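Chains, contacts and geometry: an overview
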Amino acid sequence: MKEETVGTLLAFVVLVLLGMEPIVIKASPVNPFAFVSTASLFASFILWAALLATGKAGEILEKPGEIKKTFLTGLFATAVAYSLFTYGTRLSTAINSAILTRFEVFYSFLIGWLFLREKITAKGAFSALALVSGVFLVVTGGKGMAIREGDVLLLLTPLFWQIGHAIAKRTAYSPLTIATLRNTFGGLLLLIPALKTGFAFTPLALAEGVIIALTQSLWYYSIARINLSKATAILTPSPVLSVVASMALLGERVTVYHVVGLALIIAGTLLVALEKSGRR
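Residues numbered from 1 in each chain as written. Predicted model: local features only at pLDDT ≥ 70, side-chain atom pairs only at ≥ 80, totals over all residues. Heavy atoms only, no water.

1. Some points on the overall build of the protein
- In terms of helices and strands, the protein carries 13 helices and zero strands.
- Along the protein, helices and strands appear, N-terminal first, in the series α-α-α-α-α-α-α-α-α-α-α-α-α.
- Since a compact globule built from 280 residues should have a radius of gyration of about 19 Å, the 18 Å found for the protein is in line with a globular shape.
- Here the protein has roughly 12800 Å² of accessible surface; of this, 73% comes from carbon and sulfur atoms. (Helix = DSSP H or I, 4+ residues; strand = E, 2+ residues; numbered from the N terminus. Rg over C-alpha atoms; globule rule 2.2 N^0.38 Å. Areas by Shrake-Rupley, 256 points an atom, 1.4 Å probe, with all protein chains shown as cover.)

In C-alpha cells form, the structure reads like this:
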C-alpha cells in the first residue's frame, strides 16, 4: 500500500478516536490539570512499554541530540496547548471551544508552508474552508456564537499544537519514540500546575491515557507519511462526531443547518483525502 494511502487512513483512525475523547473528558470530575497530567503520564507508561518491547528505545541513546526536540514538542503541544485549552474552555463555552480550536487547519497550512516547505494548493485551501464552515454550522445549529472571555486562549491553543507537530515532523526519531517522550515531558510539566491547583485522581484519566497513547502514536505515523496540513484537515470534523452521536442516541432534532454542515464536511473531507502531499 502506498505511503500516501497509509498516512491518510491513519489520520482517519485518529479522527474517530478524537471524536470519542470529549465524552471521557466531560465525564471527569477532577481538576483539568490533574486529569491531563495523569492521562499523559499513563499514556507515556503504555508507550514506554511498547517502545521497550519493539526495541526502539535504543535510538534515544543513539541520537541524544533529538531529545531536545521531543521536549519542545511536549512543552508546546501538550503543556502549553492544554493549559491554554483548559483555561480557555473554562472562560468560554463548549461551542466556542469546538469551533475556535478547529482553526488549527489554517495554522497547519501556514506552518507547513513556512517551515516544512509543504505545497498548498487551491483545492486544499478550499477543502479547509469547507470543513471549518461545516463544523460551525453543525456545532452551532446555525445560531451563531457569542464572543466570550477566553476565546483568545482558544485561538492560540491550536497554534501551539501545530508548533509542536512541526518540530515532531523534523525529529529523527520513530513516531512511537516521539509520542512516548512527548507525553513523558508534557505530563511532568503539567504535574506542576496540577499539584498547585489541587491534584486528584479519577479512573477516567486512565481511559484518556489509552486514547492519548493510540491517537498520538498513530498521528505521528500519519504525518511521517503525508503533509501536516493534509492530516490536520482530516481531523477537523472531530467535534462533529460527538454532535452526530448525540443526535442519533439522544434523538435531538436535526435542522437544515446540520444537514448543510454535514454536506460541507463530507465534501471537504473527500477533497482533502484525495489531495496528494507534496513540497514546494
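2. Quick word on the UniProt feature "transmembrane region" (unreviewed entry) in the protein
- Residues annotated in UniProt with the feature "transmembrane region" (unreviewed entry) correspond here to residues 36-58, 70-88, 94-116, 128-146, 201-221, 233-250 and 256-274.
- Segment residues 94-116 splits into 83% helix and 0% strand. End C-alpha atoms: 32 Å apart.
- The span residues 256-274 is 100% helical and 0% strand by assignment, and the distance between its end C-alpha atoms comes to 27 Å. (UniProt positions renumbered as here; feature names shortened; annotations may be inferred.)

3. Observations concerning the side chain of Glu59
- Counting through the fold element by element, Glu59 comes out in helix α3 (residues 58-62).
- It turns out Glu59 is buried and unbridged, and the closest side chain with the opposite charge, Lys63, is 4.4 Å from it.
- A distance of 2.4 Å separates the side chain of Glu59 from the side chain of Thr177, its partner in a polar contact.
- With near-sequence residues (within four places) excluded, Glu59 lies in contact with Ala172, Tyr173, Ser174 and Thr177. (Buried < 20%, exposed > 50% of the residue type's maximum accessible area, 1.4 Å probe, protein only. Lys, Arg positive; Asp, Glu negative; His and termini not counted. Salt bridge = Lys/Arg side-chain N within 4 Å of Asp/Glu carboxyl O. Polar contact = N/O pair within 3.5 Å; in protein donor to acceptor, adjacent residues only side chain to side chain. Contact = heavy atoms within 4.5 Å.)

4. Thoughts on a nonpolar patch on the surface
- A cluster of nonpolar side chains, contributed by Leu110, Trp113, Leu114 and Phe115, occupies part of the molecular surface with about 420 Å² of accessible area.
- With respect to the helices, strands and loops of the structure, Leu110 is situated in helix α6 (residues 104-115).
- Exposure remark for Leu110: the relative accessible area of 49% places this residue in the partly exposed category. (Patch = residues over 30% accessible without salt bridge, like charges linked within 9 Å, V, L, I, M, F, W, Y side chains within 5 Å.)

5. Here we look at the UniProt feature "domain: EamA" (unreviewed entry) in the protein
- The feature "domain: EamA" (unreviewed entry), as given by UniProt, occupies residues 7-140 and 150-273 in the numbering adopted here.
- Spanning residues 7-140, this segment combines 84% helix with 0% strand, and its end C-alpha atoms are found 31 Å apart.

6. What to know about the packing of helix α2 (residues 32-54) against helix α10 (residues 204-223)
- Following both chains from N to C, one finds α2 and α10 inclined at 55°, their axes separated by 7 Å at the closest point. Classed by the angle they form, the pair α2 and α10 counts as oblique. α10 is crossed by α2, and the crossing has right-handed handedness. Contact residues: α2 offers Phe35, Thr38, Ala39, Ser40, Phe42, Ala43, Ile46 and Leu47, while α10 offers Leu204, Ala205, Leu206, Glu208, Gly209, Val210, Ile212, Ala213 and Ser217. (Axes fitted to C-alpha atoms, helices over the stretch in contact; angles between N-to-C directions. Parallel < 35°, antiparallel > 145°, perpendicular 65-115°, else oblique. Left-handed = near helix turned anticlockwise from the far one by under 90°.)

7. Brief notes about the confidence of the model for the protein
- Per-residue pLDDT for the protein averages 87, and the proportion of residues at 70 or more is 95%.
- Mean pLDDT values for the elements of the protein range from 68 in helix α12 (residues 238-250) up to 95 in helix α9 (residues 175-196). (pLDDT = per-residue confidence, 0-100.)

8. Points about the side chain of Thr236
- By the element assignment, Thr236 lies in the loop between α11 (228-235) and α12.
- In contact with Thr236, other than residues within four places in its own chain, are Arg102, Val105, Leu131, Val132 and Val135.

9. Topic: the environment of Val244
- Counting through the fold element by element, Val244 comes out in helix α12.
- Each C-alpha atom, one on Val244 and one on Ile25, is 18 Å from the other, the two residues being 219 residues apart in sequence.

10. Considerations on the environment of Thr236
- Since its relative accessible area comes to 1%, Thr236 is described here as buried.
- On a C-alpha basis, the gap between Thr236 and Leu154 in space is 15 Å, while along the polypeptide they are 82 residues apart.
- Within the local environment of Thr236, its side chain forms a polar contact with the backbone oxygen of Ala233, the two atoms lying 3.1 Å apart.

11. Considerations on the packing of aromatic side chains
- In total, this model carries six aromatic pairs according to the counting rule given.
- Between Phe85 and Trp161, the ring centres sit 6.1 Å apart and the planes meet at 45°, which makes this aromatic pair tilted. Of this pair, Phe85 sits in helix α4 (residues 67-91) while Trp161 is found in helix α8 (residues 151-169), placing the two residues 76 residues apart along the sequence.
- When its relative accessible area of 23% is taken as the criterion, Phe85 is described as partly exposed.
- Using a relative accessible area of 12% as the deciding quantity, one classes Trp161 as buried.
- Among the aromatic residues, ring-to-ring pairing joins Tyr82, Phe85 and Trp161 into one connected group. (Phe/Tyr/Trp six-rings, centres within 6.5 Å; stacked < 30°, edge-to-face > 60°.)

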